Amino acid sequence: MRKVKVAVLMGGKSPEHEISLISGREVVRNLDKSKYTPLPVVISRDGSKWRLTDAKSIFSLPDPIKARSKKKEIVPLSYKEITGANNLSRGVDVAFIAMHGPYGEDGTIQGMLELSGVKYTGSKVLASALGMDKIKFRELLKGRSIPIPKYIVVKRGEKVRNLKELGRPPYFVKPYNLGSSVGASIARKKSELKNALRLAFEYGNIALVDEYLKGKELTVSVIGNEDPKALPVIEIRPLKGEFFDYESKYSESGAKEIVPARLSKKLTRKVQQLAIEVYKAIGTSGFGRVDFILKENKYPYVLEINTIPGLTPMSLLPKAAAAAGISYPKLLERIIKYALEK
Ligand SMILES: Nc1ncnc2c1ncn2[C@@H]1O[C@H](COP(=O)(O)OP(=O)(O)O)[C@@H](O)[C@H]1O
Ligand SMILES: [Mg+2]
């Protein structure tokens with residue numbers, strides 16, 4: 001049988017550039033080589049250069065996390081420069097988008113692939129855009145009585161209004177359209193709000209200020225197109241940071257993950273049901289992951305959906321899949337199957 005040619009897109013113009021390189025590398029490593037031919041494509045930090053390379057060059061890239069602090073361009077040893085998605089329409093069966101954050105997870109690259117007629121993994125343009133924009137996402141959920149934190153929207157340069165609606169501090173501040181907890185922090189007191197906002201504004205002009213929810217953190221991965229299924233619930237206990245911050249997410253001993261989460265059957269079902277509802281509400285396809293906080297360890301509140309959750313060895317979706325008896329290579333196979341039938 002002819003092998004399926006999979007362009008694995010990674011890197012790109014996002015603060016999550018490095019995480020994407022790790023996700024991409026693991027996708028390349030774990031694709032079943034008896035069925036697929038991976039064609040890794042490393043997209044430069046400014047998004048302008050698409051470097052088609054090979055598996056060997058991908059595994060010899062410098063440690064992306066170390067390169068992050070230096071903002072150095074990560075270039076594979078050998079590559080051929082291609083001009084965006086147009087080149088992919090010839091000779092590639094499907095693009096596996098292993099990219100996170102703006103220009104990867106937000107519908108833009110999805111639109112580019114649509115225009116070029118290239119099939120791709122995960123959500124289409126609209127669901128990707130809604131998943132990335134935490135404000136539009138929440139507005140959509142409000143109409144469906146899905147519990148979300150109380151929040152206000154603050155624009156750079158404008159006064160903070162209606163803070164009273166959130167009650168007393170602490171507050172949780174984050175950019176409205178990023179992931180990986182980039183730019184997110186807790187304001188324990190009202191006086192800390194200014195600095196927290198300043199941090200969020202380093203990444204854009206709009207920030208969210210949430211009521212601070214106290215309780216267990218849960219995450220539910222969902223896979224499928226028309227009839228999506230929830231995987232086992234994972235409970236996250238950050239060990240390094242005060243919350244599930246960048247460091248906790250990506251360092252070896254940053255967080256403890258408990259699979260399945262220690263919840264009653266009833267609560268487990270409820271959280272999984274909510275995750276599926278959220279997944280369907282924005283029209284997610286292929287795969288996704290919904291983050292929750294279980295307020296007072298009883299009431300699930302939806303924080304966000306990730307339409308391209310992390311695919312690193314430590315990532316939550318592969319762990320949830322493993323707990324359901326789906327190995328990482330099999331998970332990738334399913335994701336590609338969903339892409340081809342989308
Ligand atoms: N309202 C909130 N109350 C308490 N913690 C929060 C709140 N919002 C976010 N967090 C913490 O910040 C992390 C990142 O927030 P999230 O909304 O999932 O954004 P992203 O993962 O896209 O950066 C969460 O996993 C959680 O630890
Ligand atoms: Mg999250």
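Residues numbered from 1 in each chain as written. Chains lettered and ligands numbered in written order. Predicted model: local features only at pLDDT ≥ 70, side-chain atom pairs only at ≥ 80, totals over all residues.

Asks: Help me understand the site of ligand 1 in this model?
Replies: By nearness alone, 18 residues border ligand 1, and Phe172, Gly179, Asp210, Phe243 and Phe244 come closest of all. For the shell around ligand 1, the elements supplying multiple residues, two or more each, are β7 (171-175), β14 (286-295) and β15 (299-306). Residue composition of the shell around ligand 1, by class: 10 nonpolar, three polar and five charged. Mapping the shell around ligand 1 onto the domain boundaries places at least three of its residues in each of domain 2 (131-147 + 214-341) and domain 3 (151-211). (Near = placed C-beta within 6 Å. Helix = DSSP H or I, 4+ residues; strand = E, 2+ residues; numbered from the N terminus. Nonpolar A, V, L, I, M, F, W, Y, C, P; charged D, E, K, R; others polar. Domains from an automatic or database assignment.)

Asks: I would appreciate a short explanation of the domain arrangement of the protein chain in the present structure.
Replies: Buried accessible area, meaning the area lost when the parts come together, often serves as the stated size of an interface. Domain parsing of the protein chain yields domain 1 (4-120), domain 2 (131-147 + 214-341) and domain 3 (151-211). Domain 1 and domain 3 are separated by 32 Å when their C-alpha centres are compared. On the domain 3 side, the residues contacting the six residues of domain 1 number six residues. When the residues that make up the side of domain 1 that touches domain 3 are grouped by side-chain class, the tally is three nonpolar, two polar and one charged. (Contact = placed C-beta atoms within 7 Å.)

Asks: What's the story with the pairing of strand β9 (residues 206-211) in this structure? I'm lost.
Replies: Along any regular strand, the residues point their side chains to alternate faces of the sheet. In this sheet, β9 lies alongside strand β6 (residues 151-155) in antiparallel orientation, the contact comprising five bridges. Note that in β9 the partner of Val153 across the bridge is Leu208. Across five bridges, the pairing between β7 and β9 is antiparallel. What sits directly across from Lys174, in β9, is Leu208. (Pairing = 2+ DSSP bridges.)

Asks: Honestly, the sheet that holds strand β1 (residues 4-11) in this entry has me stumped. Any pointers?
Replies: Backbone hydrogen bonds are what pair the strands of a sheet, in a parallel or an antiparallel way. One open sheet holds the five strands; their spatial order is β4-β3-β2-β1-β5, and the pairing between them is mixed. Either end of the sheet is taken by a strand with one partner, and the two such strands are β4 (80-82) and β5 (94-97). Direction aside, the axes of adjacent strands within the sheet are offset by 35° on average. Looking at chain direction, β1 and β5 are connected through four bridges and run parallel. Bridging from a neighbouring strand, Leu9 pairs with Ile97 of β5. Where helix α11 (residues 328-341) meets the sheet, it contacts β1 and β5, and its direction lies at approximately 125° from that of β5. (Axes fitted to C-alpha atoms, helices over the stretch in contact; angles between N-to-C directions.)

Asks: Sorry if this is basic, but what is going on with the environment of Ala129 here?
Replies: Looking at the element boundaries, Ala129 is found in helix α5 (residues 125-132). The spacing of Ala129 and Thr307 is 178 residues in sequence and 9.2 Å in space, taken between C-alpha atoms. Discounting chain neighbours no more than four positions away, the residues touching Ala129 are Asp106 and Gly107.

Asks: Would you mind going over the nonpolar core with me for this structure?
Replies: Soluble globular proteins tend to bury their nonpolar side chains together. In terms of nonpolar packing, the biggest core is built from 95 residues, with Ala7, Val8, Leu9, Ala95, Phe96 and Ala275 touching the most fellow members. Per-element accounting of this core gives the leading share, seven residues, to helix α9 (residues 265-282). Beyond its immediate chain neighbours, meaning those up to four positions away, Phe96 contacts Val6, Ala7, Val8, Leu9, Val27, Thr121 and Ile336. (Core = buried A, V, L, I, M, F, W, Y, C linked by C-beta atoms within 7 Å. Buried ≥ 20, exposed ≤ 12 C-beta atoms within 10 Å, placed from the backbone.)

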